[in-house]
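# Close look at the chain arrangement
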Amino acid sequence: MRYGLVGAAGRMGGEIRKAFAAHELAFTLDVDGETLDGAPQVLVDFSLPAAFSATVSAARRFACPLVIGTTGLSAEQLAELRTLGEQVAVVQSFNFATGVTLLKMMLREFAPLFADWDVEISETHHNKKKDAPSGTAILLREATGRDCPTHSLRLGGIPGDHTVIYANEGEVLTLTHRALSRSVFALGALKAAEFAVSAAPGFYTFEEVLSCGLKR
Ligand code: NAD
C-alpha cells in the first residue's frame, strides 16, 4: 500500500511511520512543504485543523481515500469530510484506540439506564496538546447522550486518559480508558487505512471499521 501522510513531522507522524513500516510512504505534507514519490493510494492525516484544506485538496488531487485523526475540527470541516465521502472513502475518528471505541459503544447502549444518575467526564493529556476538551471526550460525551460537564488536565507526557464517572446518592461507577502509548492510535489508523483502500466511497467511523473486521 502506498500511503501519504499529513503532519509527517509531528509526534503522531512518527508513530504512523512505525506502524506503517510494511507500506510505502509516497507523499508527505507538513508546514515545510510536501514530498511526492508516486501517487498515494490512501492519505492519513494526524496534524492540526490548519492543515485541513490542504488535506482535502490532496485527497481530491489523488482521488484517494482519507483516514483522518486530527482533533479540534469545526462542524464545517466535519461537514466537508462528509461531502468528500461522496467521492472517496473517508474514515474519521477523534480516537483510533479500540478500547475507546468499545467504551463509546457501551456508553451509548446503556445510556437509558443511567438517565437518573449524575455523569461527568474527565480527560488528561500531555502538556503539548493544543485542543481542550479532547476530541475523545467530545465523542464520549455524545455517547452518553447528555451535555455533561467535561474536565481537562494537561500534564507531562500522558498519551490520553479518559474517565466517565456516574454517581447517584448511594453509588459511584467509574469507567476509565488509558492509552499506554501513542502507538495504539497509529495501529488503529493502519486498520482504518487497510479498510479504506478497498472501501466504497462513504463517510465511515472507526466503529464501522472495527465492526466490519468482526463480521469477516
Ligand atoms: P504534533 O504537534 O506533534 O504534530 C502536528 C503536525 O502537524 C506537526 O508536524 C505540524 O508541523 C503539522 N502541521 C501543523 N499545521 C500544519 C499545516 N497547516 N499544514 C501541514 N502540516 C501542519 O501533534 P501530534 O501529537 O502528532 O497530534 C497530531 C493530531 O493528531 C492532533 O490533532 C491530535 O489531537 C491528534 N491525535 C488524534 C488521535 C486519534 O486517535 N484520532 C490520537 C492522537 C493524536
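Residues numbered from 1 in each chain as written. Predicted model: local features only at pLDDT ≥ 70, side-chain atom pairs only at ≥ 80, totals over all residues. Heavy atoms only, no water.

### Remarks on the packing of helix α4 (residues 98-110) against helix α5 (residues 135-144)
- It is the contact of α4 with α5, at a shortest axis distance of 7 Å, that shows an interaxial angle of 25°. Regarding the angle of α4 to α5, the classification is roughly parallel. α5 is crossed by α4, and the crossing has right-handed handedness. Contacts from Val100, Leu103, Lys104, Leu107 and Arg108 of α4 reach α5 at Thr136, Leu139, Leu140, Ala143 and Thr144.
- Residue composition of the contact of α4 with α5, by class: six nonpolar, two polar and two charged. (Axes fitted to C-alpha atoms, helices over the stretch in contact; angles between N-to-C directions. Helix = DSSP H or I, 4+ residues; strand = E, 2+ residues; numbered from the N terminus. Parallel < 35°, antiparallel > 145°, perpendicular 65-115°, else oblique. Left-handed = near helix turned anticlockwise from the far one by under 90°. Contact = heavy atoms within 4.5 Å. Nonpolar A, V, L, I, M, F, W, Y, C, P; charged D, E, K, R; others polar.)

### Re the site of the ligand
- Taken together, 21 residues are adjacent to the ligand, and Arg11, Met12, Asp30, Thr71 and Phe96 come closest.
- Between Gly69 and the ligand, the recorded distance is 3.0 Å, taken from a backbone N or O atom to a nitrogen atom.
- For the ligand, the accessible surface in isolation is 860 Å², of which the surrounding protein chains cover 84%.
- Among the detected pockets, the ligand sits in the largest pocket.
- Grouping the amino acids of the shell around the ligand by side-chain chemistry returns 10 nonpolar, eight polar and three charged. (Near = heavy atom within 4 Å. Polar contact = N/O pair within 3.5 Å; in protein donor to acceptor, adjacent residues only side chain to side chain. Areas by Shrake-Rupley, 256 points an atom, 1.4 Å probe, with all protein chains shown as cover. 1 Å grid on protein atoms, 1.4 Å probe; cavity = no way out; pocket = protein on both sides within 12 Å on 5 of 7 lines; lining within 4 Å. Sits in = over half its atoms within 2 Å of the grid points.)

### Examining a nonpolar patch on the surface
- There is a patch of nonpolar side chains on the surface, built from Leu102, Met106, Phe110 and Leu113 and spanning about 410 Å² of accessible area.
- In this fold, Leu102 is placed in helix α4.
- Of the residues examined, Leu102 reaches a relative accessible area of 44% and is grouped as partly exposed. (Patch = residues over 30% accessible without salt bridge, like charges linked within 9 Å, V, L, I, M, F, W, Y side chains within 5 Å. Salt bridge = Lys/Arg side-chain N within 4 Å of Asp/Glu carboxyl O. Buried < 20%, exposed > 50% of the residue type's maximum accessible area, 1.4 Å probe, protein only.)

### Some remarks on the sheet that holds strand β7 (residues 118-125)
- Pairing is mixed across the open sheet formed by four strands, whose spatial order is β8-β7-β9-β10. The open sheet has two edge strands with one neighbour each: β8 (150-154) and β10 (172-178). When the angles between neighbouring strand axes are averaged without regard to direction, this sheet yields 15°.
- Alignment of β7 against strand β9 (residues 161-167), held across seven bridges, turns out to be antiparallel. The residue bridging Thr124 from the neighbouring strand is Asp161, located in β9.
- Across the sheet, α4 lies against β9 and β10, angled at about 150° from β10, the strand it touches most. (Pairing = 2+ DSSP bridges.)

### Comments concerning the pairing of β7
- With five bridges joining them, β7 and β8 adopt parallel strand pairing. Counted as the bridge partner of Ser122 is His151 from β8.
- Viewed along the sheet, the connection from β7 through α5 into β8 turns out right-handed. (Right-handed = clockwise from strand over helix to strand, strands pointing away.)

### A short note on the packing of aromatic side chains
- Overall, the coordinates contain seven aromatic pairs when judged by the stated rule.
- Residues Phe46 and Phe96 carry aromatic rings whose centres are separated by 5.9 Å and whose planes lie at 55° to one another, so their mutual orientation is tilted. Of this pair, Phe46 sits in the loop between β4 (42-45) and α2 (52-62) while Phe96 sits in the loop between β6 (89-92) and α4, and the two are 50 residues apart along the sequence.
- With relative accessibility at 12%, the residue Phe46 sits in the buried group.
- Judged by centre distance (3.9 Å) and plane angle (20°), the rings of Phe114 and Tyr166 are stacked. Of this pair, Phe114 sits in the loop between α4 and β7 while Tyr166 sits in strand β9, and the two are 52 residues apart along the sequence. Per residue, the accessibility class of Phe114 equals that of Tyr166, and both read buried. (Phe/Tyr/Trp six-rings, centres within 6.5 Å; stacked < 30°, edge-to-face > 60°.)

Function cannot be inferred from these measures alone, as they are strictly geometric.
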